[in-house]
Amino acid sequence: MSSPVTVTFLGGLGEVGRNCTAIESDGKVLVIDFGLMFPDESMPGVDVILPDDRYLRERADSIEALIVTHGHEDHVGGVSHFLKEFEAPLYGSALTMGIASHKVGEAGLGSRTSINVVADGERRRIGPFDVEFLPITHSVPQSMCVVVHSKQGVLVHTGDFKLDFTPVDDRLTDLGRLGELSRDAGIRLLMADSTNADAPGFSASETTVGETLRRLFPELRGRRIIASCFASHLHRVQQIVDVAIDEGRVIFPLGRSMVNNIRIARDLGVLDLPERHVRSIEEVNDHDPAKVCVLCTGSQGEQFAALSLMAKGDHRDISIGDNDTVIMSSHPIPGNEHPVFVVMNALVRRGAEVIHSGQDHVHTTGHAKRDELRILQSIAKPEYFCPIEGEYRMLRRHADLAVDLGLADDHALVAVDGNQIVLTDHDVSLAKGVPHEYRYVHGNGENLDPAVLGERLNLADGGVVVVSITVDMDARDIVAGPRIASRGWATDAELDELVPALEKELARSIGGALTDKSVDIDGLEQIARRATGRFVSNRTRRRPPILAVVQSTV
Ligand SMILES: [Zn+2]
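Residues numbered from 1 in each chain as written. Predicted model: local features only at pLDDT ≥ 70, side-chain atom pairs only at ≥ 80, totals over all residues. Heavy atoms only, no water.

1. What to know about the overall build of the protein chain
If you tally the helices and strands in the protein chain, you get 15 helices and 25 strands. The principal-axis extents of the C-alpha atoms in the protein chain amount to approximately 90 × 75 × 45 Å. In the protein chain, which comprises 554 residues, the share counted as buried stands at 56%. Here the analysis covers contacts within the protein chain between residues at least 6 apart in sequence; of these, 72% occur between residues at least 24 apart. Surface exposure of the protein chain reaches about 23,500 Å², of which carbon and sulfur atoms provide 49%. If the 57 positive side-chain charges of the protein chain are averaged to one point and the 81 negative ones to another, these points end up 3 Å apart. (Helix = DSSP H or I, 4+ residues; strand = E, 2+ residues; numbered from the N terminus. Buried < 20%, exposed > 50% of the residue type's maximum accessible area, 1.4 Å probe, protein only. Contact = heavy atoms within 4.5 Å. Areas by Shrake-Rupley, 256 points an atom, 1.4 Å probe, with all protein chains shown as cover. Lys, Arg positive; Asp, Glu negative; His and termini not counted. Charge placed at Lys NZ, Arg CZ, Asp CG, Glu CD.)

Right under this line is the structure:
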């Protein structure tokens, strides 16, 4: 009899982002990824959303390590938040650890952790865990697939992946090793990326984007080129700079994360970009525009990124005009479409030509499509399968695909955030697991209570009306007010009419209530709130939150 092993999902199953998985064996915990997710319009004032780490807090002393599969924000982005709470060493590839240590250093947590670089194919004992790191292809170099040889068999966590058979760095997914594992001990549980489980066919190789760029750049001779992509997509960066340099252009990296990632990648030898071809953005206007290639961030329409600033005409060094071509070498992440289109429209209005992935093959996905997922299933042949990393419909589609390929229905486990997979000698089952909610972060990294967020949304919906009155409780009389203040409720012209009428109404109802000696301050506040609510609703058919403050002179 071996002790059970559990896998608890703390984020990323039900949304694209904030990935986090915890594997527990004999009271020891191995965490895979601690990513973040960016807020949408329904989350005003939220900076980022993190995995729900309550499960980890209860086991803080038992966490053996945080393994980071790759250098994307939704996998590594929460690393400094993690290290503020927990003391555990980090493991990952050289580039992933380079990106992680930059974040850890920026947060001033460098002394709190040990950073362990693992090589492709390396097998490490981490506490009681026997972990193997396999190379896997994705849209950031040096991504890893994590294999845990547990007491309950082999667990495989792909991280994000696609099957690129002609990657820019020739580093192939180790399908051979996965096949070997499946043949030898067998893979007890496979957890695999579901982001593109809806998309038919095969994803195009990253090198095919290079071919497009080779065709495009000569067509753009004479024009200034501004290329934007994810700062972590260093193979894309490599392909852009290779073509630009061959075309006699000078590279101007722009945007904090682009500059940082290029430095990290050059230091590690991941990016081949000789110093003589690079200039600082401050010098861009000293160069012939036809010999310039600006390489910038902001491909997701991020409000304060370089591309947005250029689009708004707010950039210090670059003023967009009709001699500019902007290549958006990216595709909006689901949910980001609107801000991306806002940026594109603004660039075109300024006269720029915009080339995006809807027009030309200037981007390819980093996530496996259905044919690739089929290949993974047929090589790994897992006993149980749990789709991870995706919205619910993607997880479901991925599970259905595995069943179509012959997996027994009850061996495809569709889990969501908070759920737990329990592996025992007898079976593998899905349990309800632990309570789960989004962990909203704002300000200096503090948690934002969902109830507070709910109040913010109410304010956003209807504005706010505040009434204040001062009373003399002995004389049972109004001493000052009522005074009315509001934000976002009505226009100034409307207020000119509404405020005096509401003041009169309140003076009447509070005056009346004061004649009843049993009514105290709380009672008066309640009466003021109700009277205001009735008035606001009758006169404007709107329902802003109402705050009533009644103060006593004694
Ligand atoms: Zn990724």
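2. A short note on the packing of aromatic side chains
Inspection of the entire model under this criterion finds four aromatic pairs. For the pair F165 and F202, a centre-to-centre distance of 6.2 Å together with 40 degrees between the ring planes defines the contact as tilted. Linking F165 in the loop between β11 (153-157) and α5 (175-183) with F202 in the loop between β12 (187-193) and α6 (206-219), this pair joins segments that are 37 residues apart in sequence. On the basis of relative accessibility, which here comes to 37%, the residue F202 falls in the partly exposed class. (Phe/Tyr/Trp six-rings, centres within 6.5 Å; stacked < 30°, edge-to-face > 60°.)

3. Describing the coordination of the zinc ion
Protein-derived ligands of the zinc ion are H70 (NE2), H72 (ND1), H138 (NE2) and D160 (OD), with the metal-ligand distances lying across 2.1 to 2.3 Å. Coordination at the zinc ion comes from four donor atoms whose angles at the metal span 92 to 161 degrees, giving a geometry best classed as irregular. On the primary sequence, the residues serving as donors to the zinc ion are separated as H-x1-H-x65-H-x21-D. On the criterion of sequence distance, the pair formed by H70 in the loop between β5 (63-67) and α2 (73-76) and H138 in the loop between β9 (129-136) and β10 (143-150) is long-range, its members being 68 residues apart. We note that H70, like H138, is buried. (Donors = N, O, S within 2.8 Å, 3.2 Å for Na, K, Ca; no water. Tetrahedral: all angles 85-135°; square planar, octahedral: opposite > 155°, others 65-115°.)

4. Brief notes about empty space enclosed by the protein
Counted by the stated rule, this structure contains one cavity of 30 Å³ or more. The volume enclosed by the largest cavity comes to roughly 120 Å³. Along its surface, the largest cavity is lined by 19 residues, and T137, H138, S139, D164 and H235 are the ones closest to its centre. In terms of residue class, the lining of the largest cavity is built from five nonpolar, nine polar and five charged. Looking at which domains feed residues into the lining of the largest cavity, each of domain 1 (5-201 + 365-450) and domain 2 (206-355) gives three or more. (1 Å grid on protein atoms, 1.4 Å probe; cavity = no way out; pocket = protein on both sides within 12 Å on 5 of 7 lines; lining within 4 Å. Points joined across faces, edges and corners; volume = space filled by probe spheres on them. Nonpolar A, V, L, I, M, F, W, Y, C, P; charged D, E, K, R; others polar. Domains from an automatic or database assignment.)

5. Considerations on unusual backbone geometry
One non-glycine residue, D26, lies in positive phi territory at about 45 degrees. By secondary structure assignment, the location of D26 is in the loop between β2 (20-25) and β3 (28-32). Here E389, not a glycine, exhibits a phi torsion of approximately 60 degrees, which is positive. By relative accessible area, which is 4% here, E389 ends up buried.

6. Brief notes about the packing of helix α11 (residues 370-380) against helix α12 (residues 392-404)
In contact at an axis separation of 10 Å, α11 and α12 are set at 50 degrees when each is read in the N-to-C sense. Viewed along their axes, α11 and α12 adopt a mutual orientation that is oblique. Crossing geometry of α11 relative to α12 is assigned as right-handed. Residues R370, L373, R374 and Q377 of α11 form the contact with α12, whose participating residues are R397, H398, L401 and A402. Residues of the contact of α11 with α12, tallied by class, amount to three nonpolar, two polar and three charged. (Axes fitted to C-alpha atoms, helices over the stretch in contact; angles between N-to-C directions. Parallel < 35°, antiparallel > 145°, perpendicular 65-115°, else oblique. Left-handed = near helix turned anticlockwise from the far one by under 90°.)

7. Comments concerning the domain arrangement of the protein chain
For the protein chain, the domain assignment lists domain 1 (5-201 + 365-450), domain 2 (206-355) and domain 3 (463-552). With centres defined by C-alpha atoms, the gap from domain 2 to domain 3 works out at 56 Å.

8. Considering the pattern of salt bridges
Taken as a whole, this structure holds 38 salt bridges when the rule is applied. Measuring nitrogen to oxygen at the nearest pair gives 2.9 Å for the salt bridge that ties R439 to D53. With R439 in strand β21 (residues 439-442) and D53 in the loop between β4 (48-50) and α1 (54-57), this residue pair connects regions lying 386 residues apart in the sequence. For the pair shown, R439 and D53 are each scored as buried. Salt-bridge contacts for E122 lead to R124; the nearest nitrogen and oxygen are separated by 2.7 Å. Owing to a relative accessible area of 24%, E122 belongs among the partly exposed residues under this scheme. One network of salt bridges, in which partners are shared, links D53, R57, E85 and R439. (Salt bridge = Lys/Arg side-chain N within 4 Å of Asp/Glu carboxyl O.)

9. Section: the environment of R543
Within the fold, R543 resides in the loop between α15 (521-540) and β25 (546-552). Residue R543 is classed as exposed on the basis of its relative accessible area of 72%. Along the backbone, R543 and R349 are 194 residues apart, and their C-alpha atoms lie at a distance of 39 Å.

10. Observations regarding the sheet that holds strand β15 (residues 292-296)
In spatial order, the strands read β14-β15-β13-β16-β17; together these five strands make up an open sheet with parallel pairing. Every other strand in the sheet has two partners, leaving β14 (250-254) and β17 (353-355) as the edge strands with one partner each. Ignoring which end each strand starts from, the neighbouring axes of this sheet average 20 degrees apart. Bridge count for strand β13 (residues 224-228) against β15 is four bridges, and the pairing is parallel. Each residue of the ladder has a partner; that of I226, found in β15, is V294. Running over the sheet, helix α10 (residues 337-349) touches β16 (324-328) and β17 and is turned about 165 degrees from β16. (Pairing = 2+ DSSP bridges.)

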